[in-house]
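# Summary of structural features
The primary structure of each chain is shown beneath.
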Amino acid sequence: MIRLLHLSDVHFGAVNDRLPGPIVALAHDLRPDATVISGDLTQRARPAQFAAARAFVDLLPGPVLCVPGNHDMPLWNLGLRLLAPFARYRRAIGPELEPTLALPGAIIQGVNTANPFVWKSGQLGRSSAKRLTTAFAAAPPDVMRIAVLHHAPVPAADGTPADMADPAAVLGALALAGTDIVLSGHTHMPHAGFAETAAGVLFLQVGTAISTRLKTDTNDFALIEIGADTVTQHAWLARQDEGFVQSAKARFLKSSTGWRALPDAV
Ligand SMILES: [Fe+2]
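In this text the structure is predicted, and so the values were computed from the model without any measurement.

With that settled, consider the coordination of the iron ion. Geometrically, a metal with four donors at the corners of a regular tetrahedron has ideal angles of 109.5 degrees, and one with six donors at the corners of a regular octahedron has ideal angles of 90 or 180 degrees. Here the iron ion is held by the protein donor atoms Asp9 (OD), His11 (NE2), Asp40 (OD) and His188 (NE2), which lie 2.0 to 2.3 Å from it. Every donor counted, the four donor atoms about the iron ion form angles of 85 to 177° at the centre, which fits irregular coordination.

See the structure below:
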């Protein structure tokens, strides 16, 4: 059983200052095998915001795998945005925009979906798709193949369409690469489920872990337990003055025909 801590959209520059302390303490209590942050580490990609994000990452239980989000590219500095959109991210968070992490029983591949040429929606570039396919093809056959993307090619929890170029093609590329699980953020709304057209790909989204940019009534993150053919997503929600408290869990079983949801009590 692998335990992954999944945080997203921490948005340093727009952080609720009461939350980083409790989430760091809880992160260690939960003893994950790895921590994943699915993009938007900063609010406006400013150097001081990246420095704060880096300090936060350093406090989390490692290894920590991060991917950039649309907020991690400078918005107003057009020269930097177009010529070196990820220079500040690389300097602070790490040189690799699409890191790979191999754990016993899982391979986790980061995918950079942030597109400097558009305002906020995502894309799956050809080289990213190729990298994902290559990493998953090289992994042992029986491990869970987990892709980490800031943007997901499926609707948000409230039905908002996927904020991504050609989501049907992205879904097809993820399925073709052999993806079992996608961890993502961007919508600031937690969600779990799968698309009917790609029943073998389970989408697990979390909201914003610690930022003030709420789209739901509170902050959240997830602890994900991954077995040989099962996944359990435990939601943790911020509660006023209590830090984070454990909330609902969602369980899924993978068979040869794809994923299906399991009743909570089983
Ligand atoms: Fe965000």
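Below, the discussion takes up the packing of aromatic side chains. A full pass over the atoms with the stated rule returns five aromatic pairs. Between Phe221 and Trp236 the ring centres are 6.1 Å apart and the planes differ by 5°, which places this aromatic pair in the stacked class. In this pair, Phe221 is assigned in strand E10 (residues 220-226) and Trp236 in strand E11 (residues 230-239), connecting sequence segments 15 residues apart. Classification of Phe221 as buried rests on a relative accessible area of 1%. Measuring from ring centre to ring centre gives 5.2 Å for Phe221 and Phe244, while their planes differ by 65°; the resulting arrangement is edge-to-face. Of this pair, Phe221 sits in strand E10 while Phe244 is found in strand E12 (residues 243-255), placing the two residues 23 residues apart along the sequence. Side by side, Phe221 and Phe244 carry an identical accessibility label, which is buried.

Attention shifts here to unusual backbone geometry. Along the chain, Gly62 connects to Pro63 via a cis peptide bond; the corresponding omega equals 0°. Within the fold, Pro63 resides in the loop between helix H2 (47-59) and strand E3 (64-66). A positive phi angle is found at His11, which is not glycine, with a value near 50°. Tracing the chain through its elements places His11 in the loop between strand E1 (2-7) and helix H1 (20-29).

Right, let's talk about the pattern of salt bridges for a bit. With the rule as written, the count across this model stands at six salt bridges. Glu225 is paired through a salt bridge with Arg3; the nearest N and O atoms lie 3.0 Å apart. Here the residue Glu225 occupies a position in strand E10, and Arg3 occupies one in strand E1, the gap between them amounting to 222 residues. For Arg3, a relative accessible area of 24% corresponds to the partly exposed category. The closest approach of N and O atoms between Lys120 and Asp163, which form a salt bridge, is 2.9 Å. With Lys120 in the loop between strand E5 (106-111) and helix H5 (126-138) and Asp163 in the loop between strand E6 (144-149) and helix H6 (167-176), this residue pair connects regions lying 43 residues apart in the sequence. In this structure, a network of salt bridges that share partners links the residues Glu96, Glu98 and Arg131.

Cut-offs applied
- Residues numbered from 1 in each chain as written.
- Predicted model: local features only at pLDDT ≥ 70, side-chain atom pairs only at ≥ 80, totals over all residues.
- Heavy atoms only, no water.
- Donors = N, O, S within 2.8 Å, 3.2 Å for Na, K, Ca; no water.
- Tetrahedral: all angles 85-135°; square planar, octahedral: opposite > 155°, others 65-115°.
- Phe/Tyr/Trp six-rings, centres within 6.5 Å; stacked < 30°, edge-to-face > 60°.
- Helix = DSSP H or I, 4+ residues; strand = E, 2+ residues; numbered from the N terminus.
- Buried < 20%, exposed > 50% of the residue type's maximum accessible area, 1.4 Å probe, protein only.
- Salt bridge = Lys/Arg side-chain N within 4 Å of Asp/Glu carboxyl O.

Purely geometric numbers; function is a separate question.
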